[in-house]
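Geometric and topological summary
Listed below, chain by chain, are the residues.
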Amino acid sequence: MATPHIAAQPGDFAPDVLMPGDPLRARRIAKVLTDARLVTEVRGIAGFTGTWEGRPVSVLASGMGVPSISIYATELFRFYGVRRIVRIGTCGGIGPHLALGDVVVATAAHTDSAVTATRLPGVHYSHAPSFALAAAAVQAAHDEPGTTVHAGAVLTSDAFYSGESDLLTHLAARGTLAVEMEAAGLYATADVEHGEALALMTVSDLIGRDVEMSAAERETTFDRALRIALAALAAA
Ligand SMILES: O=P(O)(O)O[C@H]1O[C@H](CO)[C@@H](O)[C@H]1O
Ligand SMILES: O=c1cc[nH]c(=O)[nH]1
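Residues numbered from 1 in each chain as written. Chains lettered and ligands numbered in written order. Predicted model: local features only at pLDDT ≥ 70, side-chain atom pairs only at ≥ 80, totals over all residues. Heavy atoms only, no water.

- The name given to the protein chain in an unreviewed UniProt entry is Uridine phosphorylase, with Cellulomonas soli as the source organism.
- Looking at the protein chain in UniProt, the text filed under Catalytic activity (unreviewed entry) is "uridine + phosphate = alpha-D-ribose 1-phosphate + uracil". (UniProt positions renumbered as here; feature names shortened; annotations may be inferred.)

1. Looking at the pairing of strand β6 (residues 103–111)
- Across eight bridges, β6 lies against strand β7 (residues 149–156) in parallel orientation. Bridge pairing links V103 to V149 in β7.
- Bridge analysis of β6 against strand β9 (residues 196–206) gives three bridges, and the strand direction is antiparallel. Residue pairing in the sheet places V104 in a bridge with M201 of β9. (Pairing = 2+ DSSP bridges. Helix = DSSP H or I, 4+ residues; strand = E, 2+ residues; numbered from the N terminus.)

2. What about the pattern of salt bridges?
- Counted under the stated rule, the structure contains nine salt bridges.
- Of the charged contacts, one joins D223 and R28 as a salt bridge, the two residues approaching to 3.0 Å between their closest N and O atoms. A residue pair is termed long-range when its members are at least 10 positions apart, and D223 in helix α7 (residues 215–235) and R28 in helix α1 (residues 23–32) qualify at 195 residues.
- Given a relative accessible area of 31%, R28 falls into the partly exposed group.
- One salt bridge in this structure joins E193 and R78, with 2.6 Å as the shortest N-O distance. Placement of E193 in helix α6 (residues 183–193) and of R78 in helix α2 (residues 66–79) is noted, with a sequence separation of 115 residues between them.
- Its relative accessible area of 13% is what places E193 among the buried residues.
- Residue classification places R78 among the partly exposed residues on the basis of a relative accessible area of 48%.
- What you see here is one network of salt bridges that share partners, running through D16, R55 and R84. (Salt bridge = Lys/Arg side-chain N within 4 Å of Asp/Glu carboxyl O. Buried < 20%, exposed > 50% of the residue type's maximum accessible area, 1.4 Å probe, protein only.)

3. Describing unusual backbone geometry
- If you check the backbone angles, R43 has positive phi at about 55° while not being a glycine.
- Given the relative accessible area of 70%, R43 is considered exposed.
- In this structure, E53 is a non-glycine residue whose phi angle is positive, near 50°.
- Here E53 lies in the loop between β3 (47–52) and β4 (55–60).

4. What to know about the site of ligand 2
- Around ligand 2 lies a shell formed by T90, C91, G92, F160, V179, E180, M181, S204, D205 and I207.
- In this structure, G92 approaches ligand 2 through a main-chain N or O atom, which is 3.3 Å from a nitrogen atom.
- The side chain of D205 places a nitrogen or oxygen atom 2.7 Å from a nitrogen atom of ligand 2.
- For ligand 2, the protein covers 86% of the area, taking 240 Å² as the surface of the free molecule.
- A majority-of-atoms criterion places ligand 2 in the largest pocket.
- Those elements giving two or more residues to the shell around ligand 2 turn out to be β5 (84–93), β8 (178–180) and β9. (Near = heavy atom within 4 Å. Polar contact = N/O pair within 3.5 Å; in protein donor to acceptor, adjacent residues only side chain to side chain. Areas by Shrake-Rupley, 256 points an atom, 1.4 Å probe, with all protein chains shown as cover. 1 Å grid on protein atoms, 1.4 Å probe; cavity = no way out; pocket = protein on both sides within 12 Å on 5 of 7 lines; lining within 4 Å. Sits in = over half its atoms within 2 Å of the grid points.)

5. A word on α7
- In this model, α7 (21 residues) spans 30 Å end to end at C-alpha, consistent with the 30 Å of a helix rising 1.5 Å per residue.
- Buried within α7 we find T221, F222, R224, A225, L226, I228, A229, L230, A232 and L233. (Expected span 1.5 Å × (residues − 1).)

6. Considering the site of ligand 1
- In the region of ligand 1, the neighbouring residues are G21, R25, M64, R87, G89, T90, F160, E180, M181 and E182.
- Between ligand 1 and the protein, one listed contact pairs an oxygen atom with a side-chain N or O atom of E182 at 2.5 Å.
- Of all the elements, β5 adds the most residues to the shell around ligand 1, at three residues.
- For the shell around ligand 1, the residue count by class is three nonpolar, three polar and four charged. (Nonpolar A, V, L, I, M, F, W, Y, C, P; charged D, E, K, R; others polar.)

Below you can see the structure in the form of structure tokens.
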């Protein structure tokens, strides 16, 4: 069995999938899992299945942007029996109280992406995660020493380089925490496919404040986000 973007056999994926944006991070996660085996490698997007503390878990990268994560999430939910996907990514902080390395649990995702709007004309769709996964992730983040966690809305943008715009200022004034590029697509796909999803991001830069993480800081904080995601999947 194969789909256009995944070449795995039925049963190759666990019901729970971790989804970083970056394929290299997927390989890094696979090294943390026990007995991880390669199950797909189409377009260099390697997927692995192993166990963590005795529970089966898979990992597959999403690539960047709503169209890309929508493709992988749809194929996993629809054809491979996947039930829950947790995105582990990075985001740019826009809320004034956010700091580098903080963890953002996206309890809502505004978006400028046309993907949902074109499917449901006239509706301003609410992109929301699984409540159980979001609550479990907030708890797991509280249990991680030295971690500041924020639960709230993010902007899922189609544009990484958004140019001159007051949009982020207006969103921050309305409590939006951060900007990234996939959460709304994942949440909309989970709704269509009757799955569960969560986007959990680490703040890697502070937009407008010209501050960003070093490579070493990214790795340390990424490991922490991975522990939080795995603990949330085990608890929810
Ligand atoms: O760190 P990841 O998961 O790739 O996420 C963020 O980084 C990419 C942009 O550099 C976008 O995909 C954005 O959502
Ligand atoms: O989409 C993203 C991700 C991380 N940082 C940003 O500024 N934007």
